Each structure stands twice: as structure tokens, then as C-alpha cells.
Amino acid sequence: MNPRRIFLIAVPYLWLLALFLVPFLIVLKISLSDIALARPPYAPQLDLSAGWNGLRSFFAALDLENFVFLTTDDLYWKAYLSSLQIAAVSTVITLLVGYPMAYGMARAAAEWRPTLLMLVVLPFWTSFLIRVYAWMGILSGEGVLNQFLLWTGLISAPLTILNTNLAVYIGIVYTYLPFMILPIYAALEKMDDSLLEAAEDLGCSRTTAFWLVTVPLSKAGIIAGCFLVFIPAIGEFVIPSLLGGSGTLMIGKVLWEEFFSNRDWPVASAVAIILLLILIIPIVLFQRNEQKQREAEG
Amino acid sequence: MSQTVFAPWDDPTQKPLIQFKGVTKRFGDFTAIDNLSLDIFEQEFFALLGPSGCGKTTMMRMLAGFETPTSGTILLSGQDIAPVPPNKRAVNMMFQSYALFPHLSVWDNIAFGLRRGNSSKDEIAQRVEEMLRLTRLEKFSKRKPHQISGGQRQRVALARSLAKAPKLLLLDEPLGALDAKLRQDTQFELMDIQEKTGTTFVIVTHDQEEAMTVASRVAVMDEGRLIQVATPPEIYEAPATVYVADFIGDVNILEGKAHQAGDKVEIAWADGELPIRGTTARTFAPGQTCHFAIRPEKVTISTERPDSANVLRGKVIDIAYLGNLSTYHVRLGNGTMMKAQTANTRRLANRGITWEDDVWLSFTDTAGVLLEH
Ligand SMILES: Nc1ncnc2c1ncn2[C@@H]1O[C@H](COP(=O)(O)OP(=O)(O)O)[C@@H](O)[C@H]1O
Ligand SMILES: [Mg+2]
């Protein structure tokens, strides 16, 4: 292999090493350590000046205590399950909202499509935090939504939406909607309209043609969109802390509390490691889907 | 042995399968089809021929149900089809782009239409196998459309559109993507299939040779209008207008003033040249401008002055060698170019005529046609 090629291949690997593998090893190491009243708040610390013996006692001090601890308190597995559930439900809702939007965009006149695409990504131009705060303003007891509903007379007392799971769903669906729309739109836009005419010609109604042709042909986009929403939604922390209530249990929030409120870095790290292991399954599936799609096109 | 000639269009007792009655189609203020009337009969292999953009696809799409006429009616077996949606018409279309479903195998593509009806699984399987045999695709039934060649894809599209045994099959430039040899083979295959299945075919093409080969009748279109509808020999031998004569095959056109006596016409076409003698069933007013159209293969080229009704003198400018035929481009005395074609019955080396030779062109007084415009 010539040096040029080695260099080209090495760059992404060094990148991964620096930004993923090294931080991962650090977190893994902390998760195997014990909490300590020190700075940083865990022990043992790696002391290279102690030489070979120091290294040996360092490794001897590492153990799986924190992982065992996670199994003793049902808060953790409940938080994991609840995160998975919230992420799954939000993904389905995002799909139900996003698919028609992507479909509408792909069907729109060609000169409108760039504008519609711009509108979908427009929210990214303001800070994510500001947008979540805006939702607090909309959903709160005296918020815009309740005021409007009271004004129309549809309700007589304000609805409690903020600080419930419903608000979390609204927040996640709103935030991740573009990640659902864009891959589905990309799949639908490529589709040849004459396929739908062919389906109709062969005896399909418009509805059956949609289910038998449009949906299968946008499958790769649907799968990509679902993963792009599901994976970050599991670890979501800002939305459940700002919009959710005390009853909203999500692993991102637990992790934050372990880290900053309890200053228990080792347990927080163990939580993070488990979360990563849970996420690896959908990430690998996602990669597979991408690869299969590339093969089908190539 | 007597053979009945297939010519339902000459038989007034025959009911046409398709009738266009004063059909106009506008897109905005652009008229794609202009007050068009046309009858197509059962078991016909009907070709729509015309330059790109003349409205051929639009005609097909109206038959299939994807466009509705702006005015006029289209009847299928005597029934107005305007209120019938595409999925309820006994019409199937083979799309110009084939429109095969990329996510389905060849087998499932062909079965797609059958599954929409209420046939049993066995019936569907039987019919699909039959179609695969007919189009010689048995070996490819499990492949996806992107795993087969262009010619095979085209056969899948044909099999899929034939599977439901439609009353009428529409083929929109079905052979456009094929190379010359495969195209010719497929044309014969199409004719064979049409004969075997007895389906009425309407084929769109911009290739005149293809239309002449496959069709029972050809309609020549221009700018949304029918210029002539006739059998291939009629279209070729008796074109209705200069446009048709020019569009179908090679032709020499000479313009001049007609002087008619009975069915014989003399055309004064150039100063200093003898008038051309022709025969016509039309009547031309004395001195009326007319066009004399003659096919190159009906013009004889010789080095000696022949004895014929029409004899013209010229010089060979160019020779196009086509293998079986040679076309001589001859400049006449007044500069007009004329083409003469001969069969190459002898080897090239033995040919008597070459560049710059002075030659005689001759043709009988019935070899050409006289056209008003
Ligand atoms: N949906 C449409 N909107 C506007 N113009 C159209 C549409 N479909 C066809 N046309 C126009 O009608 C004319 C005939 O088109 P078409 O029937 O496709 O021609 P062709 O003979 O090449 O198949 C063309 O000039 C085309 O631009
Ligand atoms: Mg066309």
C-alpha cells in the first residue's frame, strides 16, 4: 500500500480514535472506579510515576461494583425501559406526522420544493434551547395554547400539559421532525411518477397503489428516519428536564442527576456505558440499512 | 386457397373497438390534440407515427385514462370511457419508460395486475408462467428489474401489460431503447404475440420503418392532427400530402404547374426542361401548383438514354452505398438534386456508374404521385 493511501485511510481512523475511542475508554475507566472525595471525584487515578507496581495496583482497584449497583436499584432499569418506550412512541408519532409532510413536499411543484425544504430546516437557525423554552411558553397553564382554547370556549379550565409526558412527546416530535422528513423526502422525490400510473393501469386504486408502490419504495427513507429519531431520543436530556414532570423518567435525566447533583461520576459513567451498549444495536441495524440501500442502488 | 384479407376498416358493417369523436386536448392554451376523429378495429395492430411532440403519448394517455379530453368523446366498444377510471378500463399500457416496479421481482411484476383481480393463486401462477414463456423470460423470473438487460426489461414490461389479457394494449415507443438488431427481432416477436393473443395493439413510434413493419394501419400525425390513416403500402405508394410522403421513406419532390388532360398530367417544373408526365385521379386546375413525389427506387439510372415517358439528364454528385442498395444523388440541369436507387445485384467493383458521370434518369408516367400540398 502506498503512503498516500495509508494516509487517506488513517485520517478517519485517527479521527474516530481521538473523538470516540479515547473518550469511551476514559468513561469506561471511570465506570470501573470508586467514588472519592477528591478532584476529580473518583479513585484510583493513574499514576505513571509509580512505575510497574503503580500500574498493577491501579488495575487491581478497578471493579464492576457500579454495574452491580445499577441492578440493585430499580430506578435505573425503569429509566432505561421508560426511555426506550418514550423514544419508540415519539418515533412512531414523528413518522405519522413526518411522512405526509415529506409526501406533500415530494408531490409539490418542482419550483416549490427548495422553499419547502428550507422551511423544514429553518427551525435549526434558532438555538434548540430557545425553541424548547418557547414550547414551555406555549404549553404552560397560562400559556398561549391554553389561553387560545379558553378563548374559543372549548375548555373551561386550563389543561395541564407542561411537565407531563405529553409535553415530552410534543417536544421530541417537534425537535426531531426534520430528521424524519428529510430521508423520506429524499426517497419519495426520486420515485418515478409513471410507477403509480402503471400500478393504476394494472388495476390498483390510488390507495392500494400508495401501499404497494409508494411505501415500499420509501422504505429505506422510513427506516433511516426512524433511526435518526429513535437513537438520539433515547438519551434525550434537555426535553424531559424542561418539558417533563417529576414523573417523567428518562435515562438522560438520571445520568445528569448522577453526574451533577450526586457528583457520583463512576455510577454516571456506568449508566452511560449501558446506554451506549443499548444504542449499539439500533446503530448497527441503521448501518446495515444504509449499506443495503447503497448496494441496491449500485 | 383463398385468404380473406384483414381489412375491417373497409367493411361498413364492422363496429370499431375504439372511436375518437372530435377529440380535442388542451394543456393550458396549448392544443396537443386538435379535433381528432379516428376508428380503430378489433385485432388491429395500429401504429401512431409522427415527430416528437405531435401528441402521440397524449392520445395513449387518454385511452389509458390518465388524461381526459378537453372536448369530444372516446368510445371503447361503443361505451364512452370518460367516466371510467384507469384501474377499471380493459386497457393496459406499456410505458415508454417501462415503469417496472424496482422493488419487485420479474415474477411479481408480471403478477401485479393479476393479483388485483379475483383469480386464485394457482390461476395467477399459471398465467405468469405462460407470460414468462411467451416472452422467453423463464430464467429471469426471480431477478429484480435492475439485474436484467434493457431488452429483457422491455419484455417484462410487455409481459406485465399482456398478463391481464386486455382488450386493448397500448405500447408507447416500446422499442425506443433497443439497438437496431434487437429492435427488429422484437418487432417480429410483437407481431407474433399480437397474432397469438388476438389483442388489439396500438403502438406509438417515431420510427417509420417500425410502423411499416408491424402495423395493419398507420396514422401519420402532425401537431395534434391526423394527416393520413392508411395501410403501410397505401401510405407509402399513395401518400396524401407532401408531409406524409416526406415522413415515410425517401422521396424526391418536384414542384411545378399542372396541365391536366384526362388522368394524364404534364407538370412544367423548370425552364428548359421537358415537363414531367404523371397520372392522377385528382383534378388540377390549369396552371395550379402541384408537387410530384417519386420514390428513389422508382427512378432508373442509366448511362445510355433510355426510352421512357420521363427522361432527365444529370451528373452523379454522390453515391450512398447501403450494402444491398445504392442511392445515387444526381444534379439535374437546373441544379435540382434527385435521388435514384438501384439494387446492388452485382459486386461493387463491377458497377457501371461512378462519381461525376453524366447519367440519364427515367421513370414511367405512373411511377410518381401528384400532390396538392
Ligand atoms: N401534462 C402536460 N402539460 C403541458 N403540456 C403537455 C403535457 N403533456 C404533453 N404536453 C405537450 O403536448 C405535446 C404533445 O406531447 P406528447 O403527446 O407527449 O408528444 P409525443 O408525440 O412526443 O408523444 C407536447 O408539445 C408536450 O409538450
Ligand atoms: Mg411520447
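Residues numbered from 1 in each chain as written. Chains lettered and ligands numbered in written order. Predicted model: local features only at pLDDT ≥ 70, side-chain atom pairs only at ≥ 80, totals over all residues. Heavy atoms only, no water.

Draft legend 1. Region of interest: the sheet that holds strand β13 (residues 276–279) of chain B. Residue and element names in this part refer to chain B. Pairing is antiparallel across the open sheet formed by five strands, whose spatial order is β13-β12-β11-β14-β20. In this open sheet, the two edge strands, each paired with only one partner strand, are β13 and β20 (369–371). Strand after strand, the sheet turns through a mean of 45 degrees between neighbouring axes, direction not considered. With five bridges connecting them, strand β11 (residues 252–261) and strand β12 (residues 264–268) associate as antiparallel partners. If you follow K257 over to β12, its bridge partner there is A268. (Pairing = 2+ DSSP bridges. Helix = DSSP H or I, 4+ residues; strand = E, 2+ residues; numbered from the N terminus. Axes fitted to C-alpha atoms, helices over the stretch in contact; angles between N-to-C directions.)

Draft legend 2. Quick look at the site of ligand 1. All names here are of chain B. In the vicinity of ligand 1, the residues found are F27, F30, A32, P51, S52, G53, C54, G55, K56, T57 and T58. In the environment of ligand 1, an oxygen atom lies 2.9 Å from a nitrogen or oxygen atom belonging to the backbone of K56. Compared with its free state, where it exposes 560 Å², ligand 1 has 60% of that area covered by protein. Among the elements that take part in the shell around ligand 1, helix α1 (residues 56–64) stands out by supplying three residues, more than any other. (Near = heavy atom within 4 Å. Polar contact = N/O pair within 3.5 Å; in protein donor to acceptor, adjacent residues only side chain to side chain. Areas by Shrake-Rupley, 256 points an atom, 1.4 Å probe, with all protein chains shown as cover.)

Draft legend 3. A look at the pattern of salt bridges. Taken as a whole, this structure holds 22 salt bridges over all chains when the rule is applied. Here B:K298 makes a salt bridge to B:E297, at a shortest N to O gap of 3.6 Å. A residue is classified by how much of its surface remains accessible, and B:K298, at 25% relative accessible area, is partly exposed. Through salt bridges with shared partners, a single network forms among A:E197, B:K25, B:R61 and B:E67. (Salt bridge = Lys/Arg side-chain N within 4 Å of Asp/Glu carboxyl O. Buried < 20%, exposed > 50% of the residue type's maximum accessible area, 1.4 Å probe, protein only.)

Draft legend 4. Local environment of the side chain of A:E197. Here A:E197 shows up in helix α9 (residues 193–201). Taking the relative accessible area as the measure of exposure, A:E197 reaches 18% and is therefore buried. Within the structure, A:E197 has its side chain in polar contact with the side chain of B:R61 (distance 2.7 Å). Dropping the residues within four chain positions of it, A:E197 is found in contact with B:R61, B:F66 and B:F95. (Contact = heavy atoms within 4.5 Å.)

Draft legend 5. Molecular detail of the interface of chain A and chain B. The partner chain B presents 21 residues to the 17 residues of chain A that form the contact. Regarding the contact of chain A and chain B, the summed buried area is about 1,700 Å², with carbon and sulfur atoms giving 62% of it. The largest contributions to the chain A side of the interface with chain B come from A:E197, A:D201 and A:L202, which together make up 41% of the buried area. Our enumeration of links across chain A and chain B arrives at one salt bridge. Close ionic contact of A:E197 with B:R61 constitutes a salt bridge, the shortest N to O distance being 2.7 Å. Taken together, chain A and chain B are joined by eight residue pairs in polar contact (both at pLDDT 80 or more). Considering each element in turn, the side of chain A that touches chain B owes the most residues, seven residues, to α9(A). Its residues assigned to classes, the side of chain A that touches chain B shows 10 nonpolar, three polar and four charged. (Buried area = accessible area lost by both parts, 1.4 Å probe. Nonpolar A, V, L, I, M, F, W, Y, C, P; charged D, E, K, R; others polar.)

Draft legend 6. Expanded view of the sheet that holds strand β3 (residues 45–49) of chain B. All names here are of chain B. Across the sheet, which stays open at both edges, the six strands sit in the order β6-β7-β8-β3-β9-β10 with mixed pairing between neighbours. Of all the strands in the sheet, the pair left with one neighbour each is β6 (91–94) and β10 (225–230). Averaged over all pairs of adjacent strands, the angle between their axes in this sheet comes to 20 degrees, without regard to strand direction. Those strands touched by helix α4 (residues 150–162) are β6, β7 (168–172) and β8 (200–205), and its axis lies near 175 degrees from that of β6. Together, β3, β7 and β8 form the strand contacts of helix α5 (residues 180–197), whose direction differs from that of β8 by roughly 160 degrees.

Draft legend 7. Inspection of the environment of B:E266 at higher detail. Residue and element names in this part refer to chain B. Its place among the elements puts E266 in strand β12. Classification of E266 as partly exposed rests on a relative accessible area of 34%. Setting aside residues up to four positions removed in sequence, E266 forms contacts with K257, A258, H259, P275, I276 and R277. There is a polar contact of 3.3 Å between the side chain of E266 and the side chain of R277.

Draft legend 8. Structural detail: the packing of helix α2 (residues 106–116) of chain B against helix α3 (residues 121–134) of chain B. All names here are of chain B. Running from N to C, α2 and α3 cross one another at 125 degrees; their axes reach a closest spacing of 9 Å. Relative to α3, α2 is oriented oblique. For α2 against α3, the interelement crossing comes out right-handed. The segment α2 lies against α3, with V106, W107, I110, A111, L114 and R115 engaging I124, A125, R127, V128, E129, M131 and L132. Among the residues making up the contact of α2 with α3, the classes are represented as 10 nonpolar, no polar and three charged. (Parallel < 35°, antiparallel > 145°, perpendicular 65-115°, else oblique. Left-handed = near helix turned anticlockwise from the far one by under 90°.)

Draft legend 9. Looking closely at the pairing of strand β18 (residues 337–343) of chain B. Residue and element names in this part refer to chain B. Relative to β18, strand β17 (residues 325–332) runs antiparallel, the two sharing seven bridges. Residue S326 lies in a different strand from β18, and its bridge partner there is T342. Taking the residues that link successive antiparallel strands as the turn, the β17-β18 hairpin has four residues, and the phi of G335 there is positive, at about 95 degrees.

Draft legend 10. Quick peek at a positive patch on the surface. On the surface, a cluster of positive charge is made up of A:K219, A:R288, A:K292 and B:K144. Checked against the element boundaries, A:K292 lands in helix α14 (residues 265–297). (Patch = residues over 30% accessible without salt bridge, like charges linked within 9 Å, V, L, I, M, F, W, Y side chains within 5 Å. Lys, Arg positive; Asp, Glu negative; His and termini not counted. Charge placed at Lys NZ, Arg CZ, Asp CG, Glu CD.)

On their own, these measurements won't tell you what the molecule is for.
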